[in-house]
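These are the residues of each chain, in order.
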Amino acid sequence: MNPVYEKLERCLESYRDKIQFVPKAALVLGSGLGDYADQIQVEHTLDYHEMEGFPVSTVPGHKGRFIFGYVGELPVVCMQGRVHYYEGYEMSDVVLPIRLMKLMGAEILFLTNAAGGIQAGMQAGDLMLIKDQISSFVPSPLRGQNIGELGVRFPDMSKIYDEKLRRIVKKAAAELDIDLKEGTYLQLPGPQFETPAEVAMCRTLGADAVGMSTACEAVAARHMGMRVVGISCISNLACGISAAPLSHEEVQETADKTAPRFRALVTETLTKIASAGGKEG
Ligand code: HPA
């Protein structure tokens, strides 16, 4: 058996040994949304290190566990802390949790992150709905022998972020009076922040925000047929757009300040998804 699939199956088995819960949506909590667990009626938690071979994050501020429970009526699994490519993991390990959540039953993937803002007029603290992405600067999580059990060799990515779910996020934002930006997210490998020249390159390529996660996760999820929705918290203006030097602390601080609005938007979106019962649009 393919070793990547074998590890995934082992993680699934150790999950099923401990927990019987079928989530409908999977949620990845990026910087600033780590305390979103407060919004969840928690049924179970599972520390990442309880699953053999599961990648565990080393970044300060990133916890490492799954939370299972309900947002309103919707059964969700929520990743409190993700692993990043820059931590040294293989891309197949970086996306293992995404694949695992699909195998747990989740059909919808809700990705969140902190990102540097590039789009003209953006400000630190803005929220940006991701409408498309550029992942070409990091290895594809689908590289290597295709795992046919998960998806096809050459998956279509023309609508990587689900149109109907995007419409729901926009509706939720309008109701909450949140000025929601929309744009293309570009993933760079990190961990260093970009140089001004790199940010200029990202802008030329059509990026509205730049970060170090998410795009690879969206690719793995689409490969498996999940419906993906993503929101970036613009925690800072990207290098060269703002004159100030960047720091992880600043990213964390702005993300924390934005958290109440971000939380409200995520909850309202999930509530709308639940009440649409999959027939949203
Ligand atoms: N660049 C890359 N990743 C980031 C940034 C940034 O400016 N801010 C938060 N994550």
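The structure under discussion appears in the preceding block.
None of the values given here were measured: they were computed from a predicted structure.

*Asks:* Which parts of the structure should I look at to understand the layout of surface pockets?
*Replies:* Looking at the largest pocket, its volume works out to about 370 Å³. Those elements that provide at least two residues to the lining of the largest pocket are strand 5 (108-117), strand 8 (209-211), strand 9 (227-237) and helix 7 (248-276). No other element matches the four residues that strand 5 contributes to the lining of the largest pocket. Residues that form the lining of the largest pocket fall into these classes: 10 nonpolar, 11 polar and two charged.

*Asks:* Mind showing me how you'd approach the site of the ligand here?
*Replies:* With respect to spatial proximity, the complete set of residues near the ligand consists of Ala114, Ala115, Gly116, Phe193, Glu194, Val210, Gly211, Met212, Ser235, Asn236, Leu246 and Val251. In this structure, a nitrogen atom belonging to the ligand sits 3.5 Å away from a main-chain N or O atom of glycine 116. Taking glutamate 194, its side chain carries an N or O atom lying 2.8 Å from a nitrogen atom of the ligand. In isolation the ligand has 260 Å² of accessible area, and contact with the protein removes 95% of it. More than half of the atoms belonging to the ligand lie within 2 Å of the grid points that define the largest pocket. Every element with two or more residues in the shell around the ligand is listed here: strand 5, strand 8 and strand 9.

*Asks:* It is not clear to me how unusual backbone geometry should be interpreted in this structure. Could you clarify?
*Replies:* Backbone geometry follows two general trends: most residues other than glycine have a negative phi, and most peptide bonds adopt the trans configuration. With an omega dihedral of 0°, the bond running from glycine 190 to proline 191 counts as a cis peptide bond. Among the structural elements, proline 191 can be located in the loop between strand 7 (180-187) and helix 5 (196-204). Its identity is not glycine, yet aspartate 177 carries a phi of approximately 60°, on the positive side. Positionally, aspartate 177 belongs in the loop between helix 4 (163-175) and strand 7. Classification of aspartate 177 as exposed rests on a relative accessible area of 72%.

Thresholds applied
Residues numbered from 1 in each chain as written. Predicted model: local features only at pLDDT ≥ 70, side-chain atom pairs only at ≥ 80, totals over all residues. Heavy atoms only, no water. 1 Å grid on protein atoms, 1.4 Å probe; cavity = no way out; pocket = protein on both sides within 12 Å on 5 of 7 lines; lining within 4 Å. Points joined across faces, edges and corners; volume = space filled by probe spheres on them. Helix = DSSP H or I, 4+ residues; strand = E, 2+ residues; numbered from the N terminus. Nonpolar A, V, L, I, M, F, W, Y, C, P; charged D, E, K, R; others polar. Near = heavy atom within 4 Å. Polar contact = N/O pair within 3.5 Å; in protein donor to acceptor, adjacent residues only side chain to side chain. Areas by Shrake-Rupley, 256 points an atom, 1.4 Å probe, with all protein chains shown as cover. Sits in = over half its atoms within 2 Å of the grid points. Buried < 20%, exposed > 50% of the residue type's maximum accessible area, 1.4 Å probe, protein only.

Remember, this is a structural readout, not a statement about activity or role.
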